[in-house]
Amino acid sequence: MGLTSSGAMRQCVLLVLWLLLWRLSVVMEYAPHASIWFPPVALTLTALLFLGWRACITLTVACVLSTFWEESIYMTGRSIQELLVSGSLFAMLHVGVYGAGAVVLRKSLAHITSYNLYSVVMRFLLVCAASTLLVSVVGTLVLYDGLASATLKETLIAWWIGDMSGLLVMAPLFVALFQRWYPSRNFLSDIAFVPIVHANDFPYSVKLLLTMLGLLFTSFAAYYFDSPEIACFVFFLAMPQMWIVYTESPFHAAVSLALFGFTMAGLVAFWGIDTQAYIFQFALCVMACSTYFSMAVPALISDNHKLHQQAHYDGLTQAHTRQSFFNTAEQLTKQAARYHESLSLIVFDIDKFKHINDSLGHIVGDDVLKAVAQIARSECRESDLFGRFGGDEFLILLPNTPLESGVKVAEQIRLAVSQVSAQFDGIEVSCSFGVAPVLIAEGVESAFELADRQLLMAKRAGRNQVKWPQF
Ligand SMILES: Nc1nc2c(ncn2[C@@H]2O[C@H](COP(=O)(O)OP(=O)(O)OP(=O)(O)O)[C@@H](O)[C@H]2O)c(=O)[nH]1
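What counts and how
- Residues numbered from 1 in each chain as written.
- Predicted model: local features only at pLDDT ≥ 70, side-chain atom pairs only at ≥ 80, totals over all residues.
- Heavy atoms only, no water.
- UniProt positions renumbered as here; feature names shortened; annotations may be inferred.
- Helix = DSSP H or I, 4+ residues; strand = E, 2+ residues; numbered from the N terminus.
- Rg over C-alpha atoms; globule rule 2.2 N^0.38 Å.
- Buried < 20%, exposed > 50% of the residue type's maximum accessible area, 1.4 Å probe, protein only.
- Areas by Shrake-Rupley, 256 points an atom, 1.4 Å probe, with all protein chains shown as cover.
- Contact = heavy atoms within 4.5 Å.
- Pairing = 2+ DSSP bridges.
- Axes fitted to C-alpha atoms, helices over the stretch in contact; angles between N-to-C directions.
- Salt bridge = Lys/Arg side-chain N within 4 Å of Asp/Glu carboxyl O.
- Parallel < 35°, antiparallel > 145°, perpendicular 65-115°, else oblique.
- Left-handed = near helix turned anticlockwise from the far one by under 90°.
- Nonpolar A, V, L, I, M, F, W, Y, C, P; charged D, E, K, R; others polar.
- Near = heavy atom within 4 Å.
- Polar contact = N/O pair within 3.5 Å; in protein donor to acceptor, adjacent residues only side chain to side chain.

- The chain is annotated in an unreviewed UniProt entry as diguanylate cyclase of Marisediminitalea aggregata.
- Entered under Catalytic activity (unreviewed entry) in the UniProt record, the comment concerning the chain runs "2 GTP = 3',3'-c-di-GMP + 2 diphosphate".

**Considerations on the overall build of the chain**
Item 1. Helix and strand counts for the chain come out as 17 helices and seven strands.
Item 2. Radius of gyration (C-alpha) of the chain: 33 Å, far over the 23 Å computed for a compact globule of 471 residues.
Item 3. Considered along the principal axes of its C-alpha atoms, the chain spans approximately 105 × 60 × 30 Å.
Item 4. The burial tally for the chain puts 51% of its 471 residues in the buried class.
Item 5. Carbon and sulfur atoms make up 64% of the accessible area of the chain, which amounts to about 23,100 Å² in all.

**Here we look at the side chain of Asp-303**
Item 1. By the element assignment, Asp-303 lies in helix α12 (residues 296-312).
Item 2. Non-local contacts of Asp-303, meaning those with residues more than four positions away in its chain, are made with Ser-114 and Tyr-115.

**What to know about unusual backbone geometry**
Item 1. Its identity is not glycine, yet His-340 carries a phi of approximately 55°, on the positive side.
Item 2. Examined against the element boundaries, His-340 turns out to sit in the loop between α13 (322-338) and β3 (343-350).
Item 3. Located in the positive-phi region is Asn-464, a residue other than glycine, with phi close to 50°.
Item 4. The topology assignment puts Asn-464 in the loop between α17 (443-460) and β7 (466-467).

**Some words on the sheet that holds β7**
Across a sheet, strands are paired by hydrogen bonds formed along the backbone, either parallel or antiparallel in direction.
Item 1. Ordered in space as β4-β5-β3-β6-β7, the five strands form an open sheet in which the pairing is mixed. At either end of the open sheet lies a strand with only one pairing partner, and these are β4 (385-390) and β7.
Item 2. Pairing of β4 with strand β5 (residues 393-398) involves five bridges; the strand directions are antiparallel. Note on β5: the bridge partner recorded for Phe-386 is Ile-396.
Item 3. Each of β3, β4, β5 and β6 (431-438) is contacted by α13, which is oriented at about 140° to β4, the strand it contacts most.
Item 4. Across the face of the sheet, helix α16 (residues 403-423) comes into contact with β3, β5, β6 and β7 while running at roughly 165° to β6.

**Side note on the UniProt feature "transmembrane region" (unreviewed entry) in the chain**
Item 1. With numbering matched to this structure, UniProt assigns "transmembrane region" (unreviewed entry) to residues 37-62, 83-104, 124-144, 156-182, 202-223, 230-246, 252-271 and 278-301.
Item 2. Summarising residues 37-62: 73% helix, 0% strand, and an end-to-end C-alpha distance of 18 Å.
Item 3. For residues 124-144, helix accounts for 95% and strand for 0%, while the C-alpha atoms at its two ends are 28 Å apart.

**Comments concerning the pattern of salt bridges**
Item 1. Across all of its chains, the model carries ten salt bridges by this definition.
Item 2. Ionic pairing is found between Lys-459 and Asp-349, a salt bridge with its closest N-O pair at 2.8 Å. Of this pair, Lys-459 sits in helix α17 while Asp-349 sits in strand β3, and the two are 110 residues apart along the sequence.
Item 3. Judged by its relative accessible area of 18%, Lys-459 is buried.
Item 4. The buried category is assigned to Asp-349, whose relative accessible area is 11%.
Item 5. Notably, a salt bridge pairs Arg-414 with Glu-411, separated by 2.7 Å at the nearest N-O pair. Note that Arg-414 and Glu-411 are positioned in helix α16 at a spacing of three residues, about one turn of the helix.
Item 6. For Arg-414, a relative accessible area of 18% corresponds to the buried category.
Item 7. Taking relative accessible area as the criterion, Glu-411 reaches 29% and is therefore assigned partly exposed.

**A look at the environment of Glu-379**
Item 1. For Glu-379, the location among the structural elements is in the loop between α15 (362-378) and β4.
Item 2. Taking the C-alpha atoms as reference points, Glu-379 and Ala-436, separated by 57 residues in sequence, lie 18 Å from one another.
Item 3. Contacts of Glu-379, omitting those with residues within four sequence positions, involve Val-409, Gln-412, Ile-413 and Ala-416.

**Brief notes about the packing of helix α9 (residues 238-247) against helix α11 (residues 277-294)**
Item 1. Where α9 contacts α11, the two axes come as close as 10 Å, and the packing angle between them is 25°. Judged on the interaxial angle alone, α11 and α9 are roughly parallel. The two elements α9 and α11 meet at a crossing, and its hand is right-handed. Mapping the contact onto sequence places Ala-238, Gln-241, Met-242, Val-245 and Tyr-246 in α9 and Met-287, Ser-290, Thr-291 and Ser-294 in α11.
Item 2. Classifying every residue of the contact of α9 with α11 gives five nonpolar, four polar and no charged.

**Here we look at the site of the ligand**
Item 1. Taken together, 16 residues sit near the ligand, with Lys-352, Lys-354, Asn-357, Asp-366 and Arg-388 positioned nearest.
Item 2. The contact in question runs from an oxygen atom of the ligand to an N or O atom on the backbone of Ile-350, over 3.2 Å.
Item 3. Within the side chain of Lys-459, an N or O atom sits 3.0 Å from an oxygen atom of the ligand.
Item 4. Coverage of the ligand by the protein chains reaches 66% of its 660 Å² of free accessible surface.
Item 5. Among the secondary structure elements, those contributing two or more residues to the shell around the ligand are β3, α14 (353-360) and α15.
Item 6. Per-element accounting of the shell around the ligand gives the leading share, four residues, to α15.
Item 7. When its residues are assigned to classes, the shell around the ligand shows three nonpolar, four polar and nine charged.

**Focus: the environment of Asn-357**
Item 1. With respect to the secondary-structure elements, Asn-357 resides in helix α14.
Item 2. Residue classification places Asn-357 among the buried positions, given a relative accessible area of 13%.
Item 3. For Asn-357 and Val-268, which are 89 residues apart along the polypeptide, the C-alpha to C-alpha distance reads 69 Å.
Item 4. Residues within four places of Asn-357 in sequence aside, it is in contact with His-362 and Gly-365.

See the structure below:
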């Protein structure tokens, strides 16, 4: 019952929202009955994508109601029967063609990743262009006096551009919103990346404000000077939009595009610059296409960052992986040679860790590993290099540290590890340590062999102790 009523509620929201968007589109009416900014089409495609045939009835009702509403605005004197026929034809065309578009897109949206983003974008753009062209041609010929219409060309082009810009600009935002309502659909989930940005980047609101001010200024100048050349400056606003695309989430990019579309439609209507409306609409379409193709770049950067993290840091303990540890240690050794500094290497291993795993399970074992790693790190300096050799064995490279100081650090860690026992209901947790100096001429690998031998001696001597070579 709860599900049914929430489903009915969503259908009502869909109906009201569609009609409101339809009413808004009238502000950009360019030719009789054709607006060059028609956002309800994006809601149609998205609803059909997510709800399939369940959206058809609601959208059909919306199309018929909009025909009656249109009549109340334009008073063309059509009878109720004529309005019903006209509304039904509009609904069949609108729902039928965009429904077919939704079927084509459904599969590709479910398998979208940053690697195939460009091909999905290409498919989306083709579906947008083809479906809007088909709807506008058939719609103009069937619904508005056919070839005899005195405004055939104007109506057709306005209808096509209006539907196309509405679809291009609003569909991603609606997909993101519907995704929240219907999480099981899982569209776009693989490109829900967090962009990598510099700490000193400006906040989203500033970028958005800049774009809106640019739009306000350009539209005012186009109105004031009544100049299509000046209106062309709107293409430059692709720059702040690209800034948003590269540094913000895909959702933020979709919001800014939608906001740009709505504000632009409002400003063109407000200033009454209908003659330049096409320039603004083309700029909007170009901006939308650039936005989608450019999204691949931050998505790939984000993927790259994730891969880099996985390659360099162990997922469980956040210590450097073995490979990353030895690569970085090599660099630090070269630096130490340059400045005639000493380096020490600590190798340590949890005592009888197999027993902890076997008696308490691997999940607790993992928690012990994490806790030991955290304690060891807390005893180190920022400049020390902490790595996981594998299993329960860890490595610490201590720059600018002679062997005696390295032994002291190992001893501190050994004492601190006893705190871990308290965290795990008194399980005995201890570690054995081997410490060795890193001799510049011999490198880190041989220091590791030496320290590892000391660790073995510590194990043989009864564990929970630190061993180092006596020179
Ligand atoms: N929970 C968990 N266990 C791991 C992980 N990696 C390795 N191990 C286990 O850690 C244990 C390592 O045992 P060893 O170091 O060989 O021996 P030990 O029991 O610690 O004995 P000593 O080192 O001689 O004190 C093995 O049982 C591995 O299966 C891990 O990521 N998580």
